[in-house]
Amino acid sequence: MSEPTKAPPAAAGRAATKKELPEHFKAYKHVWVFIEQERGQVHPVSWELMGAGRKLADKLKVDLAAVVIGPPGEAVQHAAAESFCYGADLAYIVADEVLGDYRNEAYTKALTDTVNTFKPEILLLGATTLGRDLAGSVATTLLTGLTADCTELDVDADGSLAATRPTFGGSLLCTIYTLNYRPQMATVRPRVMPMPDRVEKPATRIIEHKLGLVEEDIVTKVLSFIPDRDSAKSNLAYADVVVAGGLGLGSPENFQLVKGLAAVLGAEFGCSRPLVQKGWVTSDRQIGQTGKTIRPKLYIAAGISGAIQHRVGVEGADLIVAINTDKNAPIFDFAHVGIVTDAIRLLPALTEAFRARLSPHSRDRIAS
């Protein structure tokens, strides 16, 4: 008789694999947030990250710093001053004429030089087009780790950054650590973190760092700036009311029911990933981990099953109303109101009911 098979030994935990932090990294302290601005406008994700950074800094008992990079002038100074109203203890400014337009080479040089000089332990950037481009090159230059598109940030018992993000196509959530390198870097998409309250505060500690880069050193040249003609088409991320549809609608024609309800409510409309893959809706309307993250006051989801990759994009909504024929659909696990019925029949009825009760002026107030 053969002996029973023994269970394999339990996998060693993270603590068992952690090495001692190299001596030269032990001087790295404080939490930094890169304040993204273009043409004088700060991207709202920067203030959202200030709120998240404030929590991390408080847990670590260190300072929270804002890093503002751009051309000399009022816009950079104002962004730095404004960061104190969102929780900053100090702000770093790198102002130079070569930073007038975003170019990867110049901004990477500016941010890496500042990091190497002042040594933060955590560096957060928004997962925007600009932020993703910059974060990757900065992490590569600094030879450190970067966790992209995080949905949650925390610090563990030994002070390491715990960055959680979806993986395997959004079917699982994993927490990633950068154990033996500094700074620990992460990007977070707009609207993933709540916007902190703005509290009027004076700008106290501002440190200016000289770049020492001349135009001739930069390969890329900006010839002109042409705004995206489609940039105003979709405002999903910052809409107060969103109506979205999924495969449960059955056909592209039925998706018009979603648009109709959104129009009556004065809302934005969106969709789940399969509808973009089928070509029913354009990608700028996709909601979820691989699309837009939203935090509306009201989210109506019609015919959407609610897979994890969609859930992480909507669970910040104040009120989620789910309509689905499948009573076991995952979306009912996190929706605040669930309606088990055919969305194709319910959406026209909802549209007519709202049209009858709402005046044109009250549509602007529906979220409240």
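Predicted model only: the values in this text are computed from it and were never measured. (Residues numbered from 1 in each chain as written. Predicted model: local features only at pLDDT ≥ 70, side-chain atom pairs only at ≥ 80, totals over all residues. Heavy atoms only, no water.)

Considerations on the sheet that holds strand E10 (residues 172-176)
Point 1. Across the sheet, which stays open at both edges, the three strands sit in the order E8-E9-E10 with antiparallel pairing between neighbours. Of all strands in the sheet, those with a lone pairing partner are strand E8 (152-155) and E10, marking the two edges. On average, each strand axis in the sheet is inclined to that of its neighbour by 25°, with strand direction left out of account.
Point 2. Here strand E9 (residues 161-167) pairs with E10 via five bridges, running antiparallel. Following the sheet pairing, Ala163 is matched in E10 by Ile176.
Point 3. Packed onto the sheet, helix H2 (residues 44-60) meets E8 and E9 and runs at close to 10° relative to E8. (Pairing = 2+ DSSP bridges. Helix = DSSP H or I, 4+ residues; strand = E, 2+ residues; numbered from the N terminus. Axes fitted to C-alpha atoms, helices over the stretch in contact; angles between N-to-C directions. Contact = heavy atoms within 4.5 Å.)

Focus: the packing of helix H4 (residues 104-118) against helix H5 (residues 129-142)
Point 1. At a minimum axis separation of 9 Å, H4 and H5 run at an interaxial angle of 50°. Compared by their axis directions, H4 and H5 come out oblique. Both H4 and H5 take part in a crossing whose hand is right-handed. The residues of H5 that touch H4, namely those facing Asn104, Tyr107, Thr108, Leu111, Thr112, Val115 and Asn116, are Asp133, Leu134, Ser137, Val138, Thr141 and Leu142.
Point 2. Looking at the contact of H4 with H5 residue by residue, the class counts come to six nonpolar, six polar and one charged. (Parallel < 35°, antiparallel > 145°, perpendicular 65-115°, else oblique. Left-handed = near helix turned anticlockwise from the far one by under 90°. Nonpolar A, V, L, I, M, F, W, Y, C, P; charged D, E, K, R; others polar.)

Overview of H5
Point 1. Over its 14 residues, H5 runs 20 Å from end to end, which matches the ideal 20 Å to within 8%, given 1.5 Å per residue.
Point 2. Along H5, the residues that are buried comprise Leu130, Gly131, Leu134, Ala135, Ser137, Val138, Ala139 and Leu142.
Point 3. Where H5 is buried, its residues touch strand E1 (31-35), strand E2 (37-38), H4, strand E6 (122-126), strand E7 (146-150) and strand E11 (184-188).
Point 4. Backbone geometry just downstream of H5 places Leu143 in the positive-phi region, at approximately 55°. (Expected span 1.5 Å × (residues − 1). Buried < 20%, exposed > 50% of the residue type's maximum accessible area, 1.4 Å probe, protein only.)

Things to note about the pairing of strand E16 (residues 320-324)
Point 1. Burial analysis of E16 places five of its five residues in the buried class, the great majority of the element.
Point 2. Where burial is concerned, the two faces of E16 agree: the one with Ile320, Ala322 and Asn324 and the one with Val321 and Ile323 are both buried.
Point 3. In the sheet, strand E15 (residues 298-302) pairs with E16 via four bridges, with the strands oriented parallel. Bridge pairing in E16 links Ala302 to Ile323.
Point 4. What joins E15 to E16 is helix H8 (residues 308-314), and the crossover it makes is right-handed.
Point 5. Pairing of E16 with strand E17 (residues 337-340) involves four bridges; the strand directions are parallel. Within the sheet, the bridge partner assigned to Asn324 lies in E17 and is Val340. (Right-handed = clockwise from strand over helix to strand, strands pointing away.)

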